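Remarks on the overall topology
Spelled out from the first residue to the last, the chains are:
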Amino acid sequence: MAVNLIDSVKDAIAGQVADQLGSAVGLDKQQTASALKMVVPMLLGSMANNASTPSGASELANALKNTDTSILDNLGGLLGGGSSSSNLLSMGNKLLPMLLGASQGNIVSTLVRLLGMNDKSVGGRLGTLAPIVMAVVGKQAKSSGGFDVGAITNLLGGQKNFLSSAVPSELK
């Protein structure tokens, strides 16, 4: 049975870490939970879509191989502000074009509408969550088959059942 990567990411950002993610852009707990409920599956869905083509799977496998999974050990510290928090956002902003491609602008606009946030808040959450999602997937890939294209395709292809009901239809 496939591991549910949505749950794995939610476990990594539970509690105080989720609160820090939200408070960084002025969201309360409920708004943060709503944002995470949409953004995490959407990022994983984008990764699964990328992994469904040979070139996308290859690019993703290389990116995952170079992902620093150790960030998962100190997310609270990384999100606590200062240069570490800026570095996390910077890493994410470099990942988003690969993960979302030409759809990035449309995705941000849709999330702004669905979540009732501004572009900067949505962009900041996407940028901050992207390296966390990549680290979770990278950690799972390392433990379940490695970083070859076939293993990445199988790992992310196995998420379709979890993602089908979790990704809002506006973001599919």
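Just above, that's the structure.
The notes below deal with the structure included here. (Residues numbered from 1 in each chain as written. Predicted model: local features only at pLDDT ≥ 70, side-chain atom pairs only at ≥ 80, totals over all residues. Heavy atoms only, no water.)

What follows is about the packing of helix α2 (residues 16-23) against helix α3 (residues 29-51). The N-to-C vectors of α2 and α3 enclose an angle of 95°; their axes lie 9 Å apart at closest approach. Considering the angle they form, α2 stands roughly perpendicular to α3. Touching A18, D19, L21 and G22 of α2 are K29, T32 and L36, all from α3. Here the residues of the contact of α2 with α3 sort into three nonpolar, two polar and two charged. (Axes fitted to C-alpha atoms, helices over the stretch in contact; angles between N-to-C directions. Helix = DSSP H or I, 4+ residues; strand = E, 2+ residues; numbered from the N terminus. Parallel < 35°, antiparallel > 145°, perpendicular 65-115°, else oblique. Contact = heavy atoms within 4.5 Å. Nonpolar A, V, L, I, M, F, W, Y, C, P; charged D, E, K, R; others polar.)

With 12 residues, helix α7 (residues 104-115) ought to run about 16 Å at 1.5 Å a step, and its terminal C-alpha atoms sit 16 Å apart, in line with that. Those residues of α7 that sit buried are I107, V108, T110, L111, V112 and L115. (Expected span 1.5 Å × (residues − 1). Buried < 20%, exposed > 50% of the residue type's maximum accessible area, 1.4 Å probe, protein only.)

Positionally, T128 belongs in helix α8 (residues 119-144). Residue T128 is classed as buried on the basis of its relative accessible area of 6%. Those residues in contact with T128, other than ones at most four positions away along the chain, are L21, L79, L88 and L89.

So, about the pattern of salt bridges. Applying the stated rule across the entire model yields one salt bridge. A salt bridge links K29 to D19, with the nearest nitrogen and oxygen atoms 3.3 Å apart. You can see K29 sitting in helix α3 and its partner D19 sitting in helix α2, a full 10 residues away along the chain. Look at K29 and you get exposed, because its relative accessible area is 61%. Take D19: its relative accessible area is 31%, and that puts it in the partly exposed class. (Salt bridge = Lys/Arg side-chain N within 4 Å of Asp/Glu carboxyl O.)

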